[in-house]
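Each chain, written out:
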Amino acid sequence: MNLEPNDPRWVGAWWLGFLVAGTCVALSSVPYFFFPRELTKEVARDLPSPDPAGKSLFSELKSSQVETQKLSLLQFIKKFPFILWRTLRNPVYLLVVLGQVSMSAVISGLAVFMGKFLEKQFTLTASFANLMLGGVTIPGIVIGTIVGGAIMRRLKITMRGAVVMCVVCILVCASLTSPLLHLGCSTQSIAGINSDLNTSTRTLSPTILLPCSQNCSCDPQAFNPVCASTGLEFVSPCLAGCKSISFTTAQGRVQVREL
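Residues numbered from 1 in each chain as written. Predicted model: local features only at pLDDT ≥ 70, side-chain atom pairs only at ≥ 80, totals over all residues. Heavy atoms only, no water.

Visitor: Help me understand the confidence of the model for the protein in this model?
Guide: Low pLDDT means the predicted atomic positions in that stretch should not be read closely. The predicted model of the protein has a mean per-residue pLDDT of 75, with 67% of residues at 70 or higher. Ranking the elements of the protein by mean pLDDT puts strand β4 (residues 254–258) last, at 53, and helix α1 (residues 16–28) first, at 91. Counting interchain partners and residues more than four positions distant, the pLDDT-below-50 stretch residues 199–204 has 8 contacts. (pLDDT = per-residue confidence, 0-100. Helix = DSSP H or I, 4+ residues; strand = E, 2+ residues; numbered from the N terminus. Contact = heavy atoms within 4.5 Å.)

Below you can see the structure in the form of structure tokens.
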């Protein structure tokens, strides 16, 4: 096909990022092999006496964990429904799981659609849009984790205080991001999608043809969006009535390809 890196159909080494990320993760895991099997217990000094209710709950959880570790596989399978039912009756556990699921849903939606949104809304390349997304979100996650841990350690925040701090931070973030719901650009007009060119039938189809492209035998599966001078976007140059396209190669040469 003689594709060039500047061609919009060029995909490139999409696997290279996964290879680099996997290598970095593998290298960062090497120090964990040098940790002892059991870490030295930290001795708490000059601390107030723990809450009796919390201490009893901790003792109960520890004893149940020890009992579970002593069970054989068959005994564990028999007791698993009871363990599952007891776990599901724990409101703290359910709320933590619900919070993690909600956070995962937000992160998944952001990772999948935000790059494409930036690419289409602000006319950015796919690489630059994802670079901006990663350059903002990843440092924010790292800094937030470090700052949150430092605040909890510095102020000696309890579990209840940590929950309150999380709720306050979420409310502040929601109040700051809610105005973004009212910001944005106008929707791009795409021929056959949200713009009707066939005034006689009033039907919408991505493969709608102009009079100049009716005899071009355009591939209905081709996706290479182009914009006309009027701002109307077409799914492919062929559907826009183009007979040829020109692009600049990596060597600076202008090539023309007949459609």
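Visitor: Would you mind going over the state of the cysteines with me for this structure?
Guide: Chemically, a disulfide is nothing more than a covalent bond linking the sulfur atoms of two cysteines. All told, the structure shown has 0 disulfides when counted by the stated rule. In this model Cys 169 remains outside any disulfide bridge; the closest cysteine sulfur is found in Cys 173, 6.6 Å from its own. Since its relative accessible area comes to 42%, Cys 169 is described here as partly exposed. On the accessibility criterion, Cys 173 (48% relative accessible area) is partly exposed. (Disulfide = S-S within 2.5 Å. Buried < 20%, exposed > 50% of the residue type's maximum accessible area, 1.4 Å probe, protein only.)

Visitor: Even after reading the chapter, I still don't get the UniProt feature "transmembrane region" (unreviewed entry) in the protein, so can you show me in this structure?
Guide: The UniProt entry lists residues 12–35, 92–115, 127–150 and 162–181 under the feature "transmembrane region" (unreviewed entry), expressed in the numbering used here. Split by type, residues 92–115 is 100% helix and 0% strand. Its first and last C-alpha atoms lie 35 Å apart. Secondary structure over residues 127–150 splits into 100% helix and 0% strand, and the C-alpha atoms at its two ends are 34 Å apart. (UniProt positions renumbered as here; feature names shortened; annotations may be inferred.)

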